[in-house]
Amino acid sequence: MLIALKTWLHKVSPSRDPLEAYQQTGEDVYIEILINTYSQDLFHFLKGQSDGVLAQDICQKTWLTVVEKRHLYRNQQTPKAWLFSIARNALLDEFKKQNRLCSLDEQFHEAASEDKIENKADVMYEAIIALPFLQREALSLQLEGFSLQEIATITNSETETIKTRLRYAKQTLKQRLGDNHGK
Amino acid sequence: MANDHDFDKALKQAYQRQKQQHGLSKQDLEQIKAKCRQPKQNKFWQQAQWAMACAGLLFLGALWIQPESEVTHLYALDLTQYDNIEHHGKENGQYTVHITRKQKPQYPDAVQTKHSELLAQARSFHGRIIENNSEFLLIADCKKNTLFEIEKSLLSDLSDLNLDGQLRQGELLALTSNKKGLLVNLTTLNQNQGIYSCP
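Right, let's walk through the structure included here. If you're wondering where the values come from, they're calculated on a predicted model, not measured in any experiment.

Let us now look at the overall build of chain A. A count of helical and extended segments in chain A gives nine helices and zero strands. Shown N-terminal to C-terminal, the secondary structure of chain A runs as helices and strands in the order α-α-α-α-α-α-α-α-α. The buried share of chain A, reckoned over its 183 residues, is 31%. Counting contacts in chain A only where the partners sit at least 6 residues apart, residues at least 24 apart contribute 61% of the total.

This part covers the overall build of chain B. Counting its regular elements, chain B contains five helices and seven strands. Secondary structure of chain B in N-to-C order comes out as α-α-α-β-β-α-β-β-β-α-β-β. Within the span of chain B, comprising 199 residues, buried residues form 13% of the whole. Across chain B, contacts joining residues at least 24 apart in sequence account for 57% of those joining residues at least 6 apart.

The next point concerns helix α5 (residues 79-97) of chain A. All names here are of chain A. Given a rise of 1.5 Å per residue, 19 residues ought to cover 27 Å, and the 27 Å separating the end C-alpha atoms of α5 matches this to within 8%. Three or more residues of α5 are buried, namely Trp82, Leu83, Phe84, Ile86, Ala87, Arg88 and Leu91. Directly beyond the C-terminal end of α5, a positive phi value near 55° is found at Asn99.

What follows concerns the packing of helix α3 (residues 28-49) of chain A against α5 of chain A. In a pair of packed helices, the angle between the axes and the distance between the axes together describe the arrangement. Residue and element names in this part refer to chain A. Remark: α3 packs on α5, axes separated minimally by 10 Å, with the N-to-C direction vectors making an angle of 40°. Taken together, α3 and α5 sit at an angle that is classed as oblique. The handedness of the crossing between α3 and α5 comes out as right-handed. Only Pro79, Lys80, Leu83, Phe84, Ala87 and Leu91 of α5 make contact with α3, whose side of the interface consists of Leu34, Tyr38, Leu42, Phe45, Leu46 and Gln49. Tallied by class, residues from the contact of α3 with α5 come to ten nonpolar, one polar and one charged.

Moving on: unusual backbone geometry. Even without being glycine, Asn156 of chain A reaches a positive phi, approximately 55°. Examined against the element boundaries, Asn156 of chain A turns out to sit in the loop between α8 (148-155) and α9 (159-182). Classification of Asn156 of chain A as exposed rests on a count of 10 C-beta atoms within 10 Å. Notably, Asn92 of chain B is not glycine yet its phi reads approximately 50°, a positive angle. By the secondary structure assignment, Asn92 of chain B is in the loop between β1 (84-91) and β2 (94-101). The class for Asn92 of chain B is exposed, based on 5 C-beta atoms found within 10 Å.

This part takes up the sheet that holds β2 of chain B. Residues and elements named next belong to chain B. Taken together, seven strands build an open sheet; the order of strands is β2-β1-β5-β4-β3-β6-β7 and the sheet is mixed. Each having just a single partner strand, β2 and β7 (183-188) make up the two edges of the open sheet. Averaged over all pairs of adjacent strands, the angle between strand axes in this sheet comes to 30°, irrespective of strand direction.

Attention shifts here to the interface of chain A and chain B. Contacts between the two partners involve 24 residues from chain A, matched on the other side by 21 residues from chain B. Going through the elements one at a time, α3, α4 (52-68), α6 (120-129) and α9 of chain A are the ones with two or more residues in the side of chain A that touches chain B. In terms of residue count, α3 of chain A provides more of the side of chain A that touches chain B than any other element does, nine residues in total. In the side of chain A that touches chain B, the residues fall into eleven nonpolar, eight polar and five charged.

To continue, consider helix α2 (residues 18-25) of chain A. All names here are of chain A. Pro18, Leu19 and Tyr22 are the residues of α2 that are buried. Seen from one end, α2 has its buried residues packed into an arc of 100°, which puts them on one side. Where α2 is buried, its residues touch α3 and α5. Of the residues flanking the end of α2, it is Gly26, one or two places downstream, whose phi is positive at about 70°.

This part covers the pairing of strand β4 (residues 136-141) of chain B. Residues and elements named next belong to chain B. Most of β4 is tucked away: five of the six residues are buried. Examined bridge by bridge, strand β3 (residues 123-132) and β4 share five bridges and lie antiparallel to one another. Across the sheet, Glu131 pairs through a bridge with Leu138, a residue of β4. In sequence, β3 turns back onto β4 through a hairpin of three residues. Pairing between β4 and strand β5 (residues 146-151): five bridges, direction antiparallel. In the sheet register, Leu137 faces β5, and the bridge partner there is Ile150.

How each quantity is defined
- Residues numbered from 1 in each chain as written.
- Chains lettered and ligands numbered in written order.
- Predicted model: local features only at pLDDT ≥ 70, side-chain atom pairs only at ≥ 80, totals over all residues.
- Helix = DSSP H or I, 4+ residues; strand = E, 2+ residues; numbered from the N terminus.
- Buried ≥ 20, exposed ≤ 12 C-beta atoms within 10 Å, placed from the backbone.
- Contact = placed C-beta atoms within 7 Å.
- Expected span 1.5 Å × (residues − 1).
- Axes fitted to C-alpha atoms, helices over the stretch in contact; angles between N-to-C directions.
- Parallel < 35°, antiparallel > 145°, perpendicular 65-115°, else oblique.
- Left-handed = near helix turned anticlockwise from the far one by under 90°.
- Nonpolar A, V, L, I, M, F, W, Y, C, P; charged D, E, K, R; others polar.
- Pairing = 2+ DSSP bridges.
- Arc of directions from axis to C-beta.

Listed below in structure tokens is the structure:
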């Protein structure tokens, strides 16, 4: 009874990295915890870089990759950073297939909706979405809570490059939103 | 915007607001979970199939390389170890016995005398089946001095045993012979009867 309780507590312990636990045991309970914890973040990030359908597809692929390649996870990374690395690589692969990778820097997101955007936050989000891909990506990852170093790891870039992308992204946003938000 | 900090905060709020409004549905999440469980099940079946295939191969391999059974090996026919070989059969419907005696360099007379004495009296003794083929049954007496080769046609007259199913190699039999040395009865012995000495 005590052993069972200890095992249960160990399983549900919030301090335990569920990805590490999944890597070690392969039990479904851990992948379900991970899906519940990170799927929304992952989907939202991917949707910001592509569209809803592709984002859902890549999100699913990411989880299947986690199941398949969980042995590759090293806990020097946070689970979230590892998941986002997988998701980003899957997205770029998909872009390659669709020949959309040629001009990432120039790639702009199509407006999600043609409806009139009245809400201030929605206007701001639409402005983020309108940024070039690499700036949008760096900013989205920062808004997801990743550090500069983590963003650099996820995107296979230098930290200085990420700083530059973020600076440009914010400058652009300020220019576009400046007058409206200054009021 | 008043300063960078406020601007960052506003960006974060806008980002989080969109995330909450346009996230994955519960159904989508369940679908992902189901897909993540599926490959593992397939993997289990794959492993099970591999395990069964390996077990099958091992079984076939074991059958292939398995030596003759211990029983066969233990009671294999070796004619050199018997002093006398008695052939019990039928000639023109009559029960006949032919005895072949092995020529031993030492004490041949003593052996012959002893065997003749045995033949001259009605007796019951135990024997073990050495071989059971379609034509005859080979039985070694319990002292392993005499090998009885009994034709199947005669055997059906002596006993009502099931000759195909009941008589297996290594099985003990109780035999009875008359004063002429002809077998008059043959029955199987229960394993639990425990034969420790020859009668």
